[in-house]
Amino acid sequence: MKKIIIFLLILINFTSFSQTEKLYYFVEKDSLFGVKNQNGKIIIPPQSSVNADSSFNGQEIKDMVFCMRFAEYYDRKGNFLFDPYSTGEGPDYFQEGFIRYSENKKVGLYNYLGEKIIPAKYDWMSPIDFGFAHFCNGCYFDRSKDDEHPPLVGGTYGFVGKNGIEIQPTNKRNHPKDFETENHQFIPYQFEYSEKEKEILDFFEKRKEQITQINGFDCDNKIIYFEITEKPTEFEPFYKVTTFELCDFYINRSDEDFDDFKNFKVSADVKNFYVTYIDLVKRKKESEYVERKILVDKWITKSLKSKK
């Protein structure tokens, strides 16, 4: 009996440590913004922030990295990680699971898990698009004629993959999904998948014609790719599948905040496949945008029926 009790105490203790603590935003004096854990322990002391809106008070943080103030990112231990790269439209945000950051006037890359993928070493870098980005060194934005939308001039340009490895374009296509540039060179296909992940993408490939028919796309050639851009985490137990539309030497990537029914989520056990859209929900005091999910096959059947 004594051994059983000791075993149960060990098990309870182990379980309590194996579970990630919950984090919540809290707001003080309508202008101070901080983070506490589920026990009330302060993880990030309250600080002045434009985000200090009462609607955030008590909101659970369900991300591996999260934003404080207007543009400062922290990990779940309360450690400051980075300042996002500043664009003409505001601070950068996550795309394909990656975000650009700035340090000492240089640009680098973090992923959605809070891992530094590329140290801040470039003078400029584009967002990750179809698994790779453009970069340059020795370049600058010429604001002498257009301060709002200055052109990028000078410097040496190149490509870097989402794994942080710089890419040497090839002169011929070695994979069906290699991306062709305007000067007819090819960027090697940047995605690799396990057998389980290939099954996920096969599900969408089998329904590509129907999805294309429902959504309609901008480019005439109708070349559509589905790629897994994020994998399940403790806080987001889904694979994220993004739609890419291949056009003439550029790719349209679906935006999960704006492109309804062009982004998908798949449960971690690969049993449920959803299409997502954003819905405006009216609350008593304020309204907010929330993500909705519909089973893909149910959505396809309903959408095609409405088109008849």
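One structure accompanies this document, and this report is about it.

Thresholds applied
- Residues numbered from 1 in each chain as written.
- Predicted model: local features only at pLDDT ≥ 70, side-chain atom pairs only at ≥ 80, totals over all residues.
- Heavy atoms only, no water.
- Pairing = 2+ DSSP bridges.
- Helix = DSSP H or I, 4+ residues; strand = E, 2+ residues; numbered from the N terminus.
- Buried < 20%, exposed > 50% of the residue type's maximum accessible area, 1.4 Å probe, protein only.
- Axes fitted to C-alpha atoms, helices over the stretch in contact; angles between N-to-C directions.
- Parallel < 35°, antiparallel > 145°, perpendicular 65-115°, else oblique.
- Left-handed = near helix turned anticlockwise from the far one by under 90°.
- Contact = heavy atoms within 4.5 Å.
- Nonpolar A, V, L, I, M, F, W, Y, C, P; charged D, E, K, R; others polar.
- 1 Å grid on protein atoms, 1.4 Å probe; cavity = no way out; pocket = protein on both sides within 12 Å on 5 of 7 lines; lining within 4 Å.
- Points joined across faces, edges and corners; volume = space filled by probe spheres on them.
- Disulfide = S-S within 2.5 Å.
- Expected span 1.5 Å × (residues − 1).
- Arc of directions from axis to C-beta.
- Salt bridge = Lys/Arg side-chain N within 4 Å of Asp/Glu carboxyl O.

A word on the sheet that holds strand β18 (residues 166-167)
- On the basis of which strands lie adjacent, the open sheet formed by four strands has the order β13-β14-β17-β18 and antiparallel pairing. Edge positions in the open sheet fall to β13 (124-125) and β18, since each of these has one partner strand only.
- For strand β14 (residues 132-137) and strand β17 (residues 156-161), the ladder comprises six bridges, and the chain directions are antiparallel. Pairing of Ala 133 across the sheet is with Val 160, part of β17.

Some words on unusual backbone geometry
- Its identity is not glycine, yet Phe 249 carries a phi of approximately 65°, on the positive side.
- For Phe 249, the position within the fold is in the loop between β22 (238-246) and β23 (251-253).
- Taking the relative accessible area as the measure of exposure, Phe 249 reaches 35% and is therefore partly exposed.
- The phi dihedral of Val 270 falls on the positive side, at around 55°, and the residue is not glycine.
- Inspection of the secondary structure assignment puts Val 270 in the loop between β24 (263-267) and β25 (273-282).

A word on the packing of helix α3 (residues 208-215) against helix α4 (residues 296-307)
- Put simply, α3 and α4 touch, their axes get as near as 10 Å, and they point 50° apart. Considering their axes alone, α3 and α4 lie oblique with respect to each other. Crossing angle aside, the handedness with which α3 passes α4 is left-handed. Contacts between α3 and α4 involve Gln 210, Ile 211, Gln 213, Ile 214 and Asn 215 from the former and Trp 299, Ile 300, Ser 303, Leu 304 and Lys 307 from the latter.
- For the contact of α3 with α4, the class distribution of residues is five nonpolar, four polar and one charged.

Here's the deal with the layout of surface pockets
- Taken as a whole, the second largest pocket spans an internal volume of roughly 520 Å³.
- Lining the second largest pocket are 19 residues, with Tyr 85, Ser 86, Thr 87, Gly 88 and Glu 89 sitting closest to its centre.
- Elements that contribute at least two residues to the lining of the second largest pocket include exactly β8 (86-87) and β9 (90-91).
- Split by residue class, the lining of the second largest pocket holds seven nonpolar, six polar and six charged.

Regarding the state of the cysteines
- Counted under the stated rule, the structure contains two disulfides.
- Here Cys 136 connects covalently by a disulfide to Cys 139, the sulfurs 1.8 Å from one another. Here Cys 136 and Cys 139 share a disulfide; its torsion about the S-S bond, 75°, makes the bridge right-handed. You'll find Cys 136 and Cys 139 in the same group, each marked buried.
- The partner cysteine of Cys 219 in its disulfide is Cys 247, sulfur to sulfur 1.7 Å. Disulfide Cys 219 to Cys 247: torsion about the S-S bond roughly 75°, handedness right-handed. Taken together, the residues Cys 219 in the loop between α3 and β21 (223-230) and Cys 247 in the loop between β22 and β23 connect sequence positions 28 residues apart. The burial state of Cys 219 is the same as that of Cys 247; both residues are buried.
- When the cysteines of the protein chain that form disulfides are numbered from the N-terminus onward, they connect as 1-2, 3-4.

Focus: α4
- Counted at 1.5 Å a residue, the expected span for α4 with its twelve residues is 16 Å, and the 17 Å between its end C-alpha atoms agrees.
- Every buried residue of α4 is accounted for by Val 296, Trp 299, Ile 300, Ser 303 and Leu 304. Along α4, the residues classed as buried sweep out an arc of 120° about the axis, all on the same side. Summarising the geometry of α4, the exposed residues directed more than 90 degrees from the buried face are Lys 298, Lys 302, Lys 305 and Ser 306.
- Buried residues along α4 sit in contact with α2 (195-205), α3, β24, β25 and β26 (287-295).

Observations concerning the environment of Tyr 274
- Residue position: Tyr 274 is located in strand β25.
- Residues Tyr 274 and Trp 299 lie 25 residues apart in sequence; the distance between their C-alpha atoms is 8.7 Å.

Looking at the side chain of Lys 240
- With respect to the element layout, Lys 240 can be found in strand β22.
- Apart from the residues within four sequence positions on either side, Lys 240 is in contact with Glu 227, Ile 228, Thr 229, Glu 230, Glu 256, Phe 264 and Lys 265.

A look at the pattern of salt bridges
- Applying the stated criterion across every chain, the model contains 16 salt bridges.
- Salt-bridge contacts for Lys 206 lead to Asp 202; the nearest nitrogen and oxygen are separated by 3.3 Å.
- With relative accessibility at 62%, the residue Lys 206 sits in the exposed group.
- With a shortest N-O distance of 3.5 Å, Lys 240 and Glu 256 are connected by a salt bridge. Placement of the pair is Lys 240 in strand β22 and Glu 256 in the loop between β23 and β24, with a sequence separation of 16 residues.
- Among the charged side chains, a network of salt bridges with common partners joins Glu 96, Asp 129 and Arg 253.

Fair warning: the whole summary comes from geometry, so function is off the table for now.
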